[in-house]
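# Remarks on the overall topology
Next come the chains, spelled out residue by residue.
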Amino acid sequence: MTADRLVENILTLYHLIRRTSHPVKRGEITTEQYWMLLRLRRSGPMSIGQLADALGITGSTVTTGSKRLERTGLVKRERQSDDERLVLVALTLQGQQKVEAWQQERRAFLSRLLAPLTPQEQDTLSALLERVLEAQASEAAQTPQKEEHHASDH
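With that settled, consider the overall build of the protein chain. Secondary structure assignment for the protein chain yields six helices and three strands. Secondary structure elements in the protein chain, listed N-terminal to C-terminal, are α-α-β-α-α-β-β-α-α. In terms of overall dimensions, the protein chain has a C-alpha envelope of 60 × 35 × 20 Å along the principal axes. Split into buried and exposed, the 154 residues of the protein chain put 27% on the buried side. When contacts within the protein chain are restricted to residue pairs at least 6 apart in sequence, those whose partners lie at least 24 apart make up 51%. For the protein chain, the exposed surface amounts to about 10,700 Å²; the carbon and sulfur share of it is 52%.

Structure follows, in structure tokens:
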């Protein structure tokens, strides 16, 4: 197999995984809302401004997205009593469960995808992927990188 064919197969696999298991690609949620949920899961409650800065999007986009997410029960918005202009956004239990469910769905899909391989083939694939990832991690450690992931990048 040539390197070009391998690259094409990996890209095809990547797109299949995203199309099948990503909530944005399935039309469940917008890209900005998805990144808001992930950021809140990692960081805890944040103000509208903090969330906008962290994601590289406007405050009005965060306000609109958080209002929609609040209507679906995935986040709660709270005005601060000491400064009513400040609105904190936090994941609800339902929001945490939804993000976890998406991750579990992706893992289940990947397990089904790998099912045609024998255990030995899965071990070989795992070892090869680990080598690729270790090489990338080593390279990344030597190269300065951007600190944040912005929703507008996707």
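Under the criterion given, the structure shown has two aromatic pairs. Each ring, one from Tyr-34 and one from Trp-35, has its centre 5.7 Å from the other, and the planes form 80°; the classification is edge-to-face. Neither Tyr-34 nor Trp-35 differs from the other in exposure class; each is buried. For the ring pair Tyr-34 and Trp-102, a centre distance of 5.8 Å and an interplane angle of 50° mean the geometry is tilted. Placement of the pair is Tyr-34 in helix α2 (residues 31-43) and Trp-102 in helix α5 (residues 93-114), with a sequence separation of 68 residues. Residues Tyr-34 and Trp-102 agree in their burial class; the two are buried.

Further remarks concern the side chain of Ser-47. The residue Ser-47 is located in strand β1 (residues 46-47) in this model. Contacts of Ser-47, omitting those with residues within four sequence positions, involve Leu-86, Val-87 and Leu-88.

What follows covers the packing of helix α3 (residues 48-55) against helix α4 (residues 59-71). At a minimum axis distance of 8 Å, the contact between α3 and α4 shows a crossing angle of 110°. The orientation of α3 with respect to α4, classified from their angle, is roughly perpendicular. When the axes of α3 and α4 are compared, the crossing they make is right-handed. Contacts between α3 and α4 involve Ile-48, Leu-51 and Ala-52 on the former and, on the latter, Gly-59, Val-62, Thr-63 and Ser-66.

Attention shifts here to empty space enclosed by the protein. Gaps between atoms show up when a probe of the same size as a water molecule is rolled over them. For the coordinates displayed, the defined rule picks out two cavities of 30 Å³ or more. Taken together, Ser-21, Pro-23, Tyr-34, Leu-38, Val-99, Trp-102, Gln-103 and Arg-106 make up the full set of residues lining the largest cavity. Broken down by secondary-structure element, the contributors of at least two residues to the lining of the largest cavity are α2 and α5. A total of four residues in the lining of the largest cavity trace back to one element, the largest contributor, which is α5. Looking at the lining of the largest cavity residue by residue, the classes come out as five nonpolar, two polar and one charged.

A cluster of nonpolar residues, Leu-114, Leu-125, Leu-129 and Leu-133, forms a patch on the protein surface that exposes about 350 Å² of accessible area. The dominant element in the nonpolar patch, judged by the number of residues it contributes, is helix α6 (residues 119-142), at three residues. Along the chain, Leu-125 falls in helix α6.

Counting residues in each nonpolar core, the largest one holds 24 residues, and the members touching the most others are Leu-37 and Leu-51. At the level of elements, α2, α3, α4, β3 (83-91) and α5 are the ones that each hand at least two residues to this core. Ranked by the residues each element gives to this core, the list is headed by α2, at six residues. For Leu-37, the residues in contact, after removing those within four places along its chain, are Ile-29, Leu-69, Leu-74, Val-75, Leu-91, Val-99 and Trp-102.

About the cut-offs
- Residues numbered from 1 in each chain as written.
- Predicted model: local features only at pLDDT ≥ 70, side-chain atom pairs only at ≥ 80, totals over all residues.
- Heavy atoms only, no water.
- Helix = DSSP H or I, 4+ residues; strand = E, 2+ residues; numbered from the N terminus.
- Buried < 20%, exposed > 50% of the residue type's maximum accessible area, 1.4 Å probe, protein only.
- Contact = heavy atoms within 4.5 Å.
- Areas by Shrake-Rupley, 256 points an atom, 1.4 Å probe, with all protein chains shown as cover.
- Phe/Tyr/Trp six-rings, centres within 6.5 Å; stacked < 30°, edge-to-face > 60°.
- Axes fitted to C-alpha atoms, helices over the stretch in contact; angles between N-to-C directions.
- Parallel < 35°, antiparallel > 145°, perpendicular 65-115°, else oblique.
- Left-handed = near helix turned anticlockwise from the far one by under 90°.
- 1 Å grid on protein atoms, 1.4 Å probe; cavity = no way out; pocket = protein on both sides within 12 Å on 5 of 7 lines; lining within 4 Å.
- Points joined across faces, edges and corners; volume = space filled by probe spheres on them.
- Nonpolar A, V, L, I, M, F, W, Y, C, P; charged D, E, K, R; others polar.
- Patch = residues over 30% accessible without salt bridge, like charges linked within 9 Å, V, L, I, M, F, W, Y side chains within 5 Å.
- Salt bridge = Lys/Arg side-chain N within 4 Å of Asp/Glu carboxyl O.
- Core = buried A, V, L, I, M, F, W, Y, C linked by side-chain atoms within 4.5 Å.

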